[in-house]
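Understanding the architecture of this molecule
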Amino acid sequence: MSLRGRLTLLYVSIVGGILLLFGLAVYISVSQTIKEQLDDALRRAARQVYASTDFKADGQVQVVGLMTMDLPVDIYVQLWGRDNRLLDASLNVANLNHPLDAARLPSAVPVFSESLVNRAPARVLTVPLEASGRPIAILQVGIRQDVVTAAQQTLLAVLLIGTVIALVAIGLAAWFSARRALKPLDAVTQVALQITRADDLSRRIPYQGPPDDEVGQLITAFNQTLARLENLFNTQRRFLADVGHELRTPLTVIKGNVGLMRKFREFDEESLTSIDGEVDRLTRLVGDLLLLAQAESGKIPMAHNIVELDTLLLEVLSQLRVLAQGKQELCLGSVDQVLVCGDRDRLKQVIVNLVGNAINYTPAGGEVLVGLGKSGNQAQLTITDNGPGISPEDLPHIFERFYRGEKSRTRQREGKGWGLGLSIAYWIVRNHNGRIEVNSTLGQGSTFCVWLPLASESEDCARDEA
Ligand code: ADP
């Protein structure tokens, strides 16, 4: 059954249950009240007859003419002697020669009962009369009950019709309000189906209602998921295109050089160097991809050694000077002696990636400044360049895998990367309980700042031998 059908059924059964209980309570209390009023009328009539009856000393009853007594017209009265002789009766039962309720006549205490008088239902009060402690007569007072029955039937009909009308109204209201409330969900389903059919993740679900109600929150969450998926697919699509392109170039170079050597049947040193360089680049790509894949599955072993970060930094910088080829000025700011606990090779990779990027992205004549210091119990490594900077659109994404800034993708440069360097650096630093921050202004340069916890005495850290 549809959600709408179930909601409607739920409302109808709840309201139906309440109305049923309410109707039952009304019916019982109204019937009870009418019955009590009848009983009161019977008691009053009995008292009136009793007050007009004389009891003689010899036990005889002096009957006051019931036929002439001023009693309500719908009240029947009979006065019976102990010998079951009818002593007197009201005019409306003058023709009746048997008791109003024969079964209750011998009763020793006053009692109410239901009976049939002139074939109509009646309520009867039987009162034994006594004089000087001796029973001398029995008074039976009755009243017709058909008015009560009619009132009960009318009440029942009103309650039943009212309940049915109320249930139909509630059912319709629930059905339409559920349709109204669930309509946006239909839109969600339609858009989701269209997205699947057209394979178009750029679509979003429109919603006019308040964004903070349940449906609004669902749609916002759905749209956010779509945005994330779209971003992910775009990144991967871009990566595939980039990698396809990047792989073709070195492979073409390698094939060309091999072809040349085969043609001239001799080893050409220049061709071999070129092949060597391209193979190195391909190896780096495969290495990076493997590292990230392993990182994702949590299978990378991470050493826990004391690492002298200052020594490592100086070592890496001397190697990277070769990369700069004197085009950019690689300057060293203040370098404190800093010990951290971690994996030397991985930390080296962080420095290589960050400083390498600074060199690669800064045009010739630019400057890259590297510094290392301490702040509280944290080591702070800063790499500042006065290169092109990173645009605000790129900045939130640069640590994502395969993400490359718009300019980096279009610009031809030596040793092109694959948009993996920063995500690898980010992952390594995070696994050392540190963090990377970046500040960048377009056209002015960028500053990458790595924070790592200093090695503490209590830490379980071995001294690095490297
Ligand atoms: P890659 O350098 O291989 O493209 P990275 O993950 O190292 O990939 O960097 C991601 C992107 O961040 C780069 O494509 C580039 O747009 C931007 N970027 C990183 N470092 C710098 C920098 N120092 N100056 C300007 N842009 C940078």
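In the block above lies the structure referred to throughout.
Residues numbered from 1 in each chain as written. Predicted model: local features only at pLDDT ≥ 70, side-chain atom pairs only at ≥ 80, totals over all residues. Heavy atoms only, no water.

**Re the sheet that holds strand β6 (residues 120–131)**
Just so we agree on the cut-off: Paired strands, as defined in this entry, are two strands with at least two bridges between them according to DSSP. The helix and strand labels rest on DSSP assignments: H or I over at least four residues marks a helix, E over at least two residues marks a strand, and numbering proceeds from the N terminus. The angle between two axes is taken between their N-to-C directions and runs from 0 to 180 degrees, where each axis is a line fitted to C-alpha atoms and a helix contributes only its stretch in contact.
One open sheet holds the five strands; their spatial order is β4-β3-β7-β6-β5, and the pairing between them is antiparallel. Every other strand in the sheet has two partners, leaving β4 (86–89) and β5 (111–117) as the edge strands with one partner each. The mean angle between the axes of side-by-side strands here comes to 25°, regardless of whether they run parallel or antiparallel. As paired elements, strand β3 (residues 75–81) and strand β7 (residues 134–144) share seven bridges and run antiparallel to each other. Across the sheet, G81 pairs through a bridge with A137, a residue of β7.

**Notes on a nonpolar patch on the surface**
Just so we agree on the cut-off: The patches described consist of residues with a relative accessible area above 30% and no salt bridge, like charges being joined within 9 Å and nonpolar side chains (Val, Leu, Ile, Met, Phe, Trp, Tyr) within 5 Å. Areas reported as accessible are Shrake-Rupley estimates using a 1.4 Å probe. Residue values count occlusion only from the protein chains shown. Each salt bridge in this description consists of a side-chain nitrogen of Lys or Arg and a carboxyl oxygen of Asp or Glu lying within 4 Å of one another.
On the surface, V164, V168, L172, W175 and F176 cluster together to form a nonpolar patch covering roughly 470 Å² of accessible area. Inspection of the secondary structure puts L172 in helix α2 (residues 146–198).

**Examining helix α5 (residues 309–324)**
Heads up, the rule is: To estimate the expected span of a helix, count its residues, drop one, and scale the result by 1.5 Å. The reported bend at a residue is simply the angle between two axes, fitted to the 7 residues ending at it and to the 7 residues beginning with it. Burial classes follow relative accessibility: with a 1.4 Å probe on protein chains only, a residue under 20% of its type's maximum area counts as buried, one over 50% as exposed, and anything between as partly exposed.
In this model, α5 (16 residues) spans 22 Å end to end at C-alpha, consistent with the 22 Å of a helix rising 1.5 Å per residue. Along α5, the sharpest change in direction is near 25° and occurs at S318. Within the span of α5, buried status applies to L309, D310, L312, L313, V316, L317, L320 and A324. Downstream of α5 by one or two residues, Q325 has phi in the positive range, about 50°.

**Quick notes on the side chain of D343**
Note the cut-off: Counted as positive: Lys and Arg. Counted as negative: Asp and Glu, with His and the chain ends omitted from the count. Residue contacts are counted whenever heavy atoms from the two residues lie within 4.5 Å of one another.
Along the polypeptide, D343 turns up in the loop between β10 (339–342) and α6 (344–361). Nearest to the buried, unbridged D343 among oppositely charged side chains is R346, at 4.5 Å. With sequence-adjacent residues up to four places away left out, D343 is seen in contact with P301, M302, A303, V307 and H432.

**Quick look at the packing of helix α1 (residues 3–51) against α2**
Counted only if it meets this: Angle categories are assigned with fixed cut-offs, so that under 35 degrees is roughly parallel, over 145 is roughly antiparallel, 65 to 115 is roughly perpendicular, and the rest are oblique. Should the near helix be turned counterclockwise from the far one by less than a right angle, the crossing is left-handed, whereas a clockwise turn marks it as right-handed. Any residue outside Ala, Val, Leu, Ile, Met, Phe, Trp, Tyr, Cys, Pro, Asp, Glu, Lys and Arg is labelled polar, Gly included; the first ten of those are nonpolar and the last four are charged.
Their axes nearest at 9 Å, the elements α1 and α2 cross at an angle of 160°. In terms of axis orientation, α1 runs roughly antiparallel to α2. Crossing of α1 against α2: the hand is right-handed. Partitioning the contact of α1 with α2 into residue classes produces 23 nonpolar, eight polar and two charged.

**A few points about the nonpolar core**
Quick note on the threshold: What we call a nonpolar core is a set of buried Ala, Val, Leu, Ile, Met, Phe, Trp, Tyr and Cys residues that are connected through their side-chain atoms within 4.5 Å. Domain borders in the structure are assigned automatically or taken from a domain database.
Grouped together as the largest cluster of nonpolar side chains are 47 residues, with contacts concentrated most on L309, V355 and V370. Those elements giving two or more residues to this core turn out to be α3 (214–264), α4 (269–296), α5, α6, β11 (367–375), β12 (378–385), α8 (421–431) and β14 (445–453). For this core, the domains that each give at least three residues are domain 2 (214–297) and domain 3 (305–463). Residues within four places of L309 in sequence aside, it is in contact with V338, V340, L347, L372, A379 and L452.

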